[in-house]
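One-letter residues, chain by chain:
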Amino acid sequence: MKVEEQNEQGRIATGTPEPGRPRRRSWWIALLALAVVVVIVVFTILPRIQARNTLAKETQEMAIPSVSVVHPRHTGPVQEVVLPANVQAYIDAPIYARTNGYLQRWYVDIGAHVKSGQLLAEIDTPEVNQQLRQALADLATAQANVHLAQITAERYTDLLKTDSVSKQDVDNAESDYAAKKSAVQSSQANVKRLEDLQSFEKIYAPFDGVITARNTDIGALIDPGSSGGTRTELFHIAQPGKLRVYVNVPEAYSQAAKPGLTADLTLAEFPDRRFQGKLVRTANAIDLNTRTLLVEISVNNPTGELLTGAYCQVHLKLPTAQSSFTIPVDTLLFRSEGLRVVVVNNNKAELRPITIGHDLGSEVEVVAGLTGDESVVINPPDSIESGENVRVVQPLAGGVAQ
């Protein structure tokens, strides 16, 4: 016992540690090192792992194509087709001269509203006047000759009763009288012809209308073209109260374009207005060059707002055998197996075959393959396949997008 106390006192005096304390200190050091490692892992390695997982997830999400969709638009039994056309006056005619001469004066200019029979211009025709005077003199001579021949024939007829002249002399007198009568008729016809030519000195309006062109002036030489020369159009007159619009309807719509259908006209100068017309007749034949049917639309224009020669668009309301759907042309996908559209079902793409009818320009008519409640992808990628995941973004506003 004394020996142990002496050893304890000697250990304390020399500062020698107890045998179990070095092990406790090593344990605390290891624990501290482990804590440091954990801190390093938490604050350095774990954020990197988390960032890598986030990047992989974002990359996977970005690989899913984003698409915009539209819904097919239902069309009723009446389909509207828009076609270009030109507005023409219901009556439109050039005014030519029928006699030679010089223009003496004109009374109307472009834009003038004229009535039927109104004097438009006068032509000075000295040659015709001279020919008429000569023809009148020839007629007077012929009438004098026939009068003498008539008296001679009557006298010979009376003398024949007393056998004072022969039958041959009577026949000669009567034949001469008949020939002189024919000469009078010929002279009268020539006078009438020249009088008609003289009447053509005055140019009259053939119908109520508007003068749209004046191609002559005072002193201009007038040639009707009867002697082989080039005839000159003096005036051009149009009747704008009623208009004709000729439209070339594609052959695909030819069976539906029947007389009695309504049609609306739109013009750039009247952006918010439509002028109603009516299909009155068709050519009943397809043009071999254009493969179109020529139809005529009649439009009332009492105030003259619509100008002849104007460009317009005709909206034809054509009846169809059955209702169908229309979709934009940029939804079509052309594949080797045929025409397809991409339909989105539960965020998965489906390539669906369709059958199109009429091409409406920016839209196409679909007659088979759609039910109307599908979400059709606009501008689908060429590489898209059925079953592929897609992300639907905000649909397009307006038009057929819903």
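My aim in this report is to walk through the structure given alongside it, one point at a time. None of the values given here were measured: they were computed from a predicted structure.

**Some remarks on the overall build of the protein chain**
If you tally the helices and strands in the protein chain, you get 4 helices and 22 strands. For the protein chain, buried positions account for 33% of its 402 residues. Partitioning the intrachain contacts of the protein chain with sequence separation of at least 6 by distance along the chain shows that 74% fall at a separation of at least 24. If you sum the accessible surface of the protein chain, you get close to 25000 Å²; carbon and sulfur atoms cover 54% of it.

**Brief notes about the packing of helix α3 (residues 126-161) against helix α4 (residues 167-199)**
Running from amino to carboxyl end, α3 crosses α4 at an angle of 160°, the nearest separation of the two axes being 7 Å. The orientation of α3 with respect to α4, classified from their angle, is roughly antiparallel. Handedness of the α3/α4 crossing: left-handed. Across the contact of α3 with α4, the residue classes break down as 19 nonpolar, 11 polar and 8 charged.

**A few points about the pairing of strand β19 (residues 355-359)**
With 3 bridges joining them, β19 and strand β20 (residues 363-368) adopt antiparallel strand pairing. From the neighbouring strand, T355 faces β20, where its bridge partner is A368. Linking β19 back to β20 in an antiparallel pair, the connection comprises 3 residues, with G361 at a positive phi of about 95°.

**Describing the packing of aromatic side chains**
Aromatic ring pairs: the centre-centre distance and the angle between the two ring planes describe each pair. Across all of its chains, the model carries 1 aromatic pair by this definition. Arranged with centres 5.3 Å apart and planes meeting at 75°, the rings of F270 and F275 form a pair that is edge-to-face. Judged on exposure class, the residue F270 and its partner F275 are both buried. Residue placement shows K242 over the ring face of Y90; its charged tip is 5.0 Å from the ring centre. Across from the ring centre of Y90, 3.8 Å away, lies the NZ or CZ of R244, which sits over that ring.

**With respect to the nonpolar core**
Core analysis: the largest hydrophobic core is formed by 28 residues, its most contacted members being V245, V247, L265, V314 and L316. Residue contacts for V314: discarding those within four places in its chain leaves V81, V82, L83, A85, V245, V247, A263, D264, L265 and I297. I95, A97, A205 and I211 belong to the second-largest nonpolar core, a separate cluster that totals 17 residues.

**Description of unusual backbone geometry**
Positive phi outside glycine occurs at N284, with the angle close to 55°. Given a relative accessible area of 69%, N284 falls into the exposed group. In the Ramachandran plot, N346 falls in the positive-phi region, its phi being about 55° despite a non-glycine side chain. Take N346: it is sitting in the loop between β17 (338-345) and β18 (348-353). For N346, a relative accessible area of 77% corresponds to the exposed category.

**Some points on the environment of I297**
As for its position among the elements, I297 is in strand β13 (residues 292-300). Remark: the alpha-carbon pair of I297 and V280, spanning 17 residues in sequence, is separated by 5.7 Å. Non-local contacts of I297, meaning those with residues more than four positions away in its chain, are made with L243, R244, V245, V247, A263, G277, K278, L279, V314 and L316.

**Topic: the pattern of salt bridges**
Evaluated as defined, the whole model comprises 15 salt bridges. Note that E350 is salt-bridged to R352, the shortest N-O span being 3.4 Å. Taking the relative accessible area as the measure of exposure, E350 reaches 28% and is therefore partly exposed. The exposure class assigned to R352 is buried, which follows from its relative accessible area of 18%. Among the ionic contacts, a cluster of salt bridges with common partners joins R105, E122 and K202.

**A look at the pairing of β17**
Of all 8 residues in β17, 6 are buried; the element is thus mostly enclosed. Where strand β16 (residues 333-335) lies against β17, 3 bridges are found, and the strand directions are antiparallel. Within β17, the residue paired with F334 across the bridge is L339. The loop that links β16 with its antiparallel partner β17 comprises 2 residues. Two elements, β17 and β18, share 6 bridges in a ladder whose sense is antiparallel. When the sheet's bridge partners are listed, R340 is paired in β18 with P353.

**Re the sheet that holds strand β6 (residues 119-124)**
Pairing in this open sheet of 4 strands is antiparallel, and the strands run β7-β6-β4-β9 from one edge to the other. In this open sheet, the two strands that pair with only one neighbour each are β7 (202-204) and β9 (221-222).

**Thoughts on α4**
Turn by turn, an α-helix covers 3.6 residues, leaving residues three or four places apart pointing in a common direction. In a regular helix each residue adds 1.5 Å, so 33 residues correspond to 48 Å; α4 covers 48 Å between its end C-alpha atoms and thus fits that length. Taken together, the buried positions of α4 are V170, A173, V184, S187, V191, L194 and L197. The secondary structure elements touched by the buried residues of α4 are α3.

**Things to note about the side chain of E201**
By the secondary structure assignment, E201 is in the loop between α4 and β7. Buried charge without a partner: E201 forms no salt bridge, and the closest opposite charge is K202, 6.2 Å away. Setting aside chain neighbours within four positions, we find E201 in contact with T99, A121, E122, I123, T125 and N129.

**Considerations on the side chain of E122**
Along the polypeptide, E122 turns up in strand β6. Accessibility expressed as a relative area gives 13% for E122, which makes it buried. A distance of 2.8 Å separates the side chain of E122 from the side chain of Y107, its partner in a polar contact. Once residues lying within four places of it in the same chain are set aside, the contact partners of E122 are Y102, L103, Q104, R105, Y107, E201 and K202.

Definitions and cut-offs
- Residues numbered from 1 in each chain as written.
- Predicted model: local features only at pLDDT ≥ 70, side-chain atom pairs only at ≥ 80, totals over all residues.
- Heavy atoms only, no water.
- Helix = DSSP H or I, 4+ residues; strand = E, 2+ residues; numbered from the N terminus.
- Buried < 20%, exposed > 50% of the residue type's maximum accessible area, 1.4 Å probe, protein only.
- Contact = heavy atoms within 4.5 Å.
- Areas by Shrake-Rupley, 256 points an atom, 1.4 Å probe, with all protein chains shown as cover.
- Axes fitted to C-alpha atoms, helices over the stretch in contact; angles between N-to-C directions.
- Parallel < 35°, antiparallel > 145°, perpendicular 65-115°, else oblique.
- Left-handed = near helix turned anticlockwise from the far one by under 90°.
- Nonpolar A, V, L, I, M, F, W, Y, C, P; charged D, E, K, R; others polar.
- Pairing = 2+ DSSP bridges.
- Phe/Tyr/Trp six-rings, centres within 6.5 Å; stacked < 30°, edge-to-face > 60°.
- Lys NZ or Arg CZ within 6 Å of the ring centre and 35° of its normal.
- Core = buried A, V, L, I, M, F, W, Y, C linked by side-chain atoms within 4.5 Å.
- Salt bridge = Lys/Arg side-chain N within 4 Å of Asp/Glu carboxyl O.
- Expected span 1.5 Å × (residues − 1).
- Lys, Arg positive; Asp, Glu negative; His and termini not counted.
- Polar contact = N/O pair within 3.5 Å; in protein donor to acceptor, adjacent residues only side chain to side chain.

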